[in-house]
Amino acid sequence: MPGFLKKRLSLSHISFAIIYTLTVYLVFNVLTIGKVVQWFSIDSRIDYAGLTAYLVFGYSFFLSSFLLFAHPRVIKLVASLLIVFSAAATYFINKYNISVDHSMVMNTLHTDSTEVTGLLSLQMLPYALLLIVLPLLLVYKIDIRFNRGWRYLPLSLGVMLLSLVIGITGVYANYNSIHRAANISHKDIIYKLVPVNVINSLGSAAISSYQDWYEKNKNPVVITGKVTRPDDLIVVLAVGETSRQKSFSLYGYDRKNTNPVLSGIDDLHLLNGIARIGSTLLALPEILEKNDIKLPAITSKLGIDTACYVNYTLYDNCAVPGEVRVSNCGHGGKCYDEDVLPLLEKNLDNYQSGYRFVVLHLGGGSHGPTYRDRFPAEFQRFKPQCKDADVVNKCTREELYNTFDNTILYVDYVLGQIIDRLENTGKPYVFIYVSDHGESLLEEGRIFHGMPPGMPLPPEQRQVPLIVKSSVPIEIDQRDEYPQNDIFDSVLELFTIQSDQVDHQRSFIHRKTAGAE
């Protein structure tokens, strides 16, 4: 055995964890750090405060994650695996500019030997020697000391908590900067930071695999209830994306006329919709779920003809009866929100009588950062437009607002078309439109949507359009605010469903019965 390997270094498990994680974090990011730094540029200047806060948080996340597995029998195995995975990530990021995310991990797990051979190259040898072999030898020659029994755990927990507090405090203090960089990079600041990307991707893959297993093996949800007064009524619930109340002319916006269609429709009820969460994945259940039971599942299970037509997925919020995604789209194969209209029209053509529930997910909406991708060319009415995802550095405020206003103009058109089709049926209907959350357009330096846990959404993200149109007599409760989750109860009441899931105090839309004043 070479002489230098006979000399061993003894470190406490905390000392080893800090030195190991700091060394790996610094060394493995030397070649790729520029791919992260570029997204923190504002007006040709690097936002060092935001960048530093993000990098500190990345290290605190790495250290805390490593300490979770810092136990006598596994610490060296975990350290060794992270070295191998991190070296591979560094090589492929530097050579092929790949993003290490959940899908990349799943693809790797399903890669066959032929594909692996095709990726091998002599250029990998320096990476293997310097980033795998040498670090593994160094880990091998260190003796790691633990306090006897479980007495090392409180110290590990204390360091984890301190590290996370430091990292999270920096994120909160520089949230706008980090949030902007994450959005314009499409989260590439996470997927390019080693080994944060590796840990995050492995964790996501594990969670995804568990969720798949759980869905296959969980006990079916028992839905009880009944329709108390069968009648004829179509309820269409259209869920929008990122369209803020603040940019609707109907709500007083006067920079541009963003609602030429809806402003010409009589008897619209314009309500102050309130969103609680600035993430589509988490906001959709605010509208479509209660007590872990999905709204379409309730209506479907209780015998109401239910359908979900989507431009972008509703995730698992319409697993029952299942969602139908748009296809054969009319703009050269590119799909827009209007492509749900043929599906809706076909559904309405087949309607004869009874209750029917249709959910539409207008998932293009006003989502950034490339707002101009959300509407067809004929809706590029307000110019000049923002043509870059980096809306802060590459676009003027006028271009940013023009492009976002065009998204609202297109939403206005699509909603008008939905109402027009409902009117043309001559059948009784109630139409409800609500956006999942709003959007910040540089108000107080904020951009896009989402806030860290514990912080409420700012007004431009919180206040969303909530529009109701009905061909039958309805009464709407007068309230200052209408939380999104009250839509759940309102829909069930419209269908006269009697169930433990219905809270009539929260329902705000009431159908007037015959003879009622």
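Please refer to the structure placed before this passage.
Residues numbered from 1 in each chain as written. Predicted model: local features only at pLDDT ≥ 70, side-chain atom pairs only at ≥ 80, totals over all residues. Heavy atoms only, no water.

**Overview of the pattern of salt bridges**
Here is the rule: Just to be clear on terms, a salt bridge is a Lys or Arg side-chain nitrogen sitting within 4 Å of an Asp or Glu carboxyl oxygen. Only runs of H or I of at least four residues qualify as helices and only runs of E of at least two qualify as strands under DSSP, and these elements are numbered from the N terminus. Relative accessible area decides the class of each residue, using a 1.4 Å probe on protein chains only: under 20% of the type maximum gives buried, over 50% gives exposed, and in between gives partly exposed.
Evaluation of the coordinates by the stated rule reveals 19 salt bridges. Arg255 is the partner of Asp405 in a salt bridge, and the nearest nitrogen-oxygen pair spans 2.7 Å. Pair noted here: Asp405 is in helix α16 (residues 397–425) and Arg255 is in the loop between β6 (233–240) and β7 (269–274), with a separation of 150 residues, a long-range link. Residue Asp405 is classed as buried on the basis of its relative accessible area, which comes to 0%. Three or more residues are tied together by salt bridges with common partners; here these are Asp477, Arg479, Asp486 and Arg506.

**Some remarks on the environment of Lys216**
As for its placement among the helices and strands, Lys216 is situated in helix α12 (residues 196–217). It is 40 Å that separates the C-alpha atoms of Lys216 and Gln245, two residues lying 29 residues apart in sequence.

**What to know about the side chain of Asn311**
As a reminder of what qualifies: Whenever two N or O atoms come within 3.5 Å, that pair is a polar contact, provided that in protein one can donate a hydrogen and the other can accept it, and provided that, for residues adjacent in sequence, both atoms are side-chain atoms. By definition in these notes, contact holds between two residues if any of their heavy atoms fall within 4.5 Å.
Counting through the fold element by element, Asn311 comes out in the loop between β10 (305–310) and β11 (323–325). Among the polar contacts made by the side chain of Asn311, one reaches the side chain of Asp337 at a distance of 2.8 Å. Contacts of Asn311, omitting those with residues within four sequence positions, involve Arg325, Val326, Cys335, Tyr336, Asp337, Val340, His361, Gly363 and Gly364.

**So, a nonpolar patch on the surface**
The test is simple: For patches, a residue must show more than 30% relative accessible area and have no salt bridge; joins then use 9 Å for like charges and 5 Å for nonpolar side chains, namely Val, Leu, Ile, Met, Phe, Trp and Tyr. Only the protein chains shown count as covering a residue, and every accessible area follows the Shrake-Rupley method with a 1.4 Å probe.
A cluster of nonpolar side chains, namely Leu77, Leu81, Val84, Phe85 and Leu202, defines an oily patch on the protein surface of about 410 Å² accessible area. The element contributing the most residues to the nonpolar patch is helix α5 (residues 75–96), with four residues. Note on placement: Leu77 falls in helix α5. By relative accessible area, which is 52% here, Leu77 ends up exposed.

**Focus: the pairing of strand β4 (residues 142–145)**
Going by this rule: DSSP-based pairing: two strands are paired if at least 2 bridges between them are found.
Across the two faces of β4 the burial differs, with Ile142 and Ile144 buried and Asp143 and Arg145 not buried at all. Two strands pair when backbone bridges link them, and strand β1 (residues 9–12) and β4 are joined in this way by four bridges, in the parallel orientation. From the neighbouring strand, Ser10 faces β4, where its bridge partner is Asp143.

**Description of the state of the cysteines**
For clarity, the cut-off: Count a disulfide wherever a pair of cysteine sulfur atoms falls within 2.5 Å.
One pass over the structure, following the stated rule, counts three disulfides. Linked covalently through their sulfurs, Cys308 and Cys318 form a disulfide whose S-S length is 1.9 Å. Linking Cys308 and Cys318, the disulfide has an S-S dihedral of approximately 85° and is accordingly described as right-handed. Of this pair, Cys308 sits in strand β10 while Cys318 sits in the loop between β10 and β11, and the two are 10 residues apart along the sequence. Across the pair, Cys318 and Cys308 agree in class, each one buried. Here Cys386 pairs with Cys395 through a disulfide, and the sulfurs are 2.0 Å apart. Judged by the sign of its S-S torsion, about 65°, the cystine formed by Cys386 and Cys395 is right-handed. The buried category is assigned to Cys386, whose relative accessible area is 4%. For Cys395, a relative accessible area of 11% gives the class buried. The disulfide pattern of the protein chain is 1-2, 3-4, 5-6 when the bonded cysteines are numbered in sequence order.

**Overview of the packing of aromatic side chains**
We count it as follows: Put simply, two rings from Phe, Tyr or Trp (the six-membered ring, in Trp's case) pair if the centres are within 6.5 Å, and we call them stacked under 30 degrees between planes, edge-to-face over 60, tilted for the rest.
Across all of its chains, the model carries 19 aromatic pairs by this definition. Ring centres of Phe379 and Tyr410 lie 5.0 Å apart, and the angle between their planes is 65°; on these two criteria the pair is classed as edge-to-face. On the criterion of sequence distance, the pair formed by Phe379 in the loop between β12 (355–361) and α16 and Tyr410 in helix α16 is long-range, its members being 31 residues apart. The class of Tyr410 is buried, set by a relative accessible area of 1%.

**Comments concerning the sheet that holds β11**
Here is the rule we go by: Every angle, taken between N-to-C directions, lies between 0 and 180 degrees, and every axis is a line fitted to C-alpha atoms, over only the stretch in contact when it is a helix.
The strand order across the open sheet built from eight strands is β11-β10-β12-β6-β13-β16-β7-β18, with neighbouring strands paired in mixed fashion. Two strands close off the open sheet at either side, each with one partner strand: β11 and β18 (482–483). Pairing of β10 with β11, which is carried by three bridges, proceeds in the parallel orientation. Its bridge partner lying in β11, Tyr309 is registered against Val324. Relative to β6, helix α13 (residues 280–288) is tilted by about 160°, and along the sheet it contacts β6, β12 and β13 (429–435). Each of β6, β12, β13 and β16 (463–470) is contacted by α16, which is oriented at about 165° to β13, the strand it contacts most.

**Notes on unusual backbone geometry**
Residue Pro195 follows Val194 across a cis peptide bond; omega there is -5°. Turning to its location among the elements, Pro195 is positioned in the loop between α11 (188–191) and α12. The step from Lys383 to Pro384 runs through a cis peptide bond, and the omega angle for that step is 0°. As for its position among the elements, Pro384 is in the loop between β12 and α16.

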